[in-house]
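Now for the letters of each chain:
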Amino acid sequence: MEQRGFGGVEVLGLALVDDAAAKGDHPPARIADREHHAVAEPVVAAAVLAVAFAAEEAIEPVLARLPGVSIAVHVAPEIHLLGGPVSSLETLIAELASRGLFARLLPFPPLHTPGCDYLNDTVIRAVEAVWASANEPRIPVYSSSGGAPSPRDRSDVPAMVSRLLNEPVRFWQAIRRMHDDGVRVFVEAGDAGLESTI
């Protein structure tokens, strides 16, 4: 990008693979393979994700009454992915529908929720193995978990990547932070254009 005249190139990691792969010259396929094997086990029995087209302020009061349900991804100010037990998500969907808000179950495991904390040690070991041979980042890398630049200290990265499994992704907050820091050109790599449609 810089060779093409675009200054201020930075990277936003949207998932565990993105964060780890962006940290240098490490082949993403090895990281993806390690991630796939780490999350191939059943995450939480009868737990999935749901999408809700509602502001966080509309969702939070319902979440307070539904143990085990939490925001998984802050996609946009009024779009959230939620993870938890199917029965609790169905209750949330019905309550949001009664207020004219759209929500629907999705057939995906509840990544980015506390239900994935049992994978932390596995992911940390996998990232440490990959990270040992990765180069230092050449451009700033923003974490989608905190919406801020990733730690520069290599020893902090595996734990940060592991947190992406059981803490919410703050996608729109990270994009806003990057914009506030001067980034004006955003190029999506991977995911078949999913994020750029948001």
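To be clear, the structure that these remarks concern was listed above.
First, a word on what this report is: a plain description of the structure on this page.

The rules we used
- Residues numbered from 1 in each chain as written.
- Predicted model: local features only at pLDDT ≥ 70, side-chain atom pairs only at ≥ 80, totals over all residues.
- Heavy atoms only, no water.
- Helix = DSSP H or I, 4+ residues; strand = E, 2+ residues; numbered from the N terminus.
- Buried < 20%, exposed > 50% of the residue type's maximum accessible area, 1.4 Å probe, protein only.
- Pairing = 2+ DSSP bridges.
- Axes fitted to C-alpha atoms, helices over the stretch in contact; angles between N-to-C directions.
- Contact = heavy atoms within 4.5 Å.
- Arc of directions from axis to C-beta.
- Core = buried A, V, L, I, M, F, W, Y, C linked by side-chain atoms within 4.5 Å.
- Expected span 1.5 Å × (residues − 1).
- Salt bridge = Lys/Arg side-chain N within 4 Å of Asp/Glu carboxyl O.
- Parallel < 35°, antiparallel > 145°, perpendicular 65-115°, else oblique.
- Left-handed = near helix turned anticlockwise from the far one by under 90°.
- Nonpolar A, V, L, I, M, F, W, Y, C, P; charged D, E, K, R; others polar.

**Remarks on unusual backbone geometry**
The phi torsion at His112 lies on the positive side, around 70°, for a residue other than glycine. Examined against the element boundaries, His112 turns out to sit in the loop between β5 (103-106) and α5 (120-131). Judged by relative accessible area, which is 14%, His112 ranks as buried.

**Examining the sheet that holds strand β4 (residues 79-85)**
Pairing between sheet strands relies on hydrogen bonds along the backbone, with the strands arranged either parallel or antiparallel. Taken together, the four strands give an open sheet; going across it, the order is β3-β4-β2-β5, and neighbouring strands pair in antiparallel fashion. Taken across any chain shown, the strands that pair with only one partner, and hence form the sheet edges, are β3 (70-76) and β5. Taken pair by pair, the neighbouring strands of this sheet meet at an average axis angle of 25°, ignoring direction. Sheet topology places strand β2 (residues 47-52) next to β5; four bridges connect them, and they run antiparallel. Within β5, the position partnered with Ala50 by the bridge is Leu105. Across the face of the sheet, helix α4 (residues 86-98) comes into contact with β2, β4 and β5 while running at roughly 140° to β4.

**Quick word on helix α7 (residues 171-180)**
Considered for burial, the residues of α7 that qualify are Phe171, Ala174 and Met178. Each buried residue of α7 sits inside an arc of 65° when the element is viewed along its axis, so together they form one side.

**Re the nonpolar core**
Counting residues in each nonpolar core, the largest one holds 17 residues, and the members touching the most others are Ala52, Ile59, Leu63, Val69, Leu82, Leu89 and Leu92. Those elements giving two or more residues to this core turn out to be β2, α3 (56-64) and α4. Those residues in contact with Leu89 that sit more than four places away from it in its chain are Val48, Leu49, Ala50, Val69, Leu82, Gly83, Gly84 and Leu105. Leu119, Ala134, Val157 and Leu165 belong to the second largest nonpolar core, which has ten residues in total.

**Quick notes on α5**
Along its twelve residues, α5 runs 16 Å from first to last C-alpha, staying within 8% of the 16 Å computed at 1.5 Å per residue. Buried within α5 are the following residues: Val123, Ala126, Val127, Val130 and Trp131. Relative to the axis of α5, the buried residues are bounded by an arc of 125° and lie together on one face. Summarising the geometry of α5, the exposed residues directed more than 90 degrees from the buried face are Asp121 and Arg125.

**Side note on the pattern of salt bridges**
With the rule as written, the count across this model stands at two salt bridges. Arg65 serves as the salt-bridge partner of Glu95, at 2.3 Å between the closest nitrogen and oxygen. Here Glu95 is found in helix α4, whereas its partner Arg65 is found in the loop between α3 and β3, with 30 residues between them in sequence. With a relative accessible area of 49%, Arg65 lands in the partly exposed category. Where Arg177 meets Asp181, a salt bridge forms, and the shortest distance between an N and an O atom there is 3.0 Å. By relative accessible area, Arg177 is classed as partly exposed at 33%. Overall, the relative accessible area of 39% leaves Asp181 in the partly exposed class.

**Digging into the packing of α3 against α4**
One can describe the packing of α3 onto α4 by two numbers: an axis separation of 10 Å at closest approach and a directional angle of 135°. Viewed along their axes, α3 and α4 adopt a mutual orientation that is oblique. Considering the relative orientation of α3 and α4, their crossing is right-handed. Here α3 contributes Ala58, Ile59, Val62 and Leu63 to the contact with α4, which in turn contributes Leu92, Glu95 and Leu96. Tallied by class, the residues present in the contact of α3 with α4 amount to six nonpolar, no polar and one charged.

That's the geometry; what it means functionally is another story.
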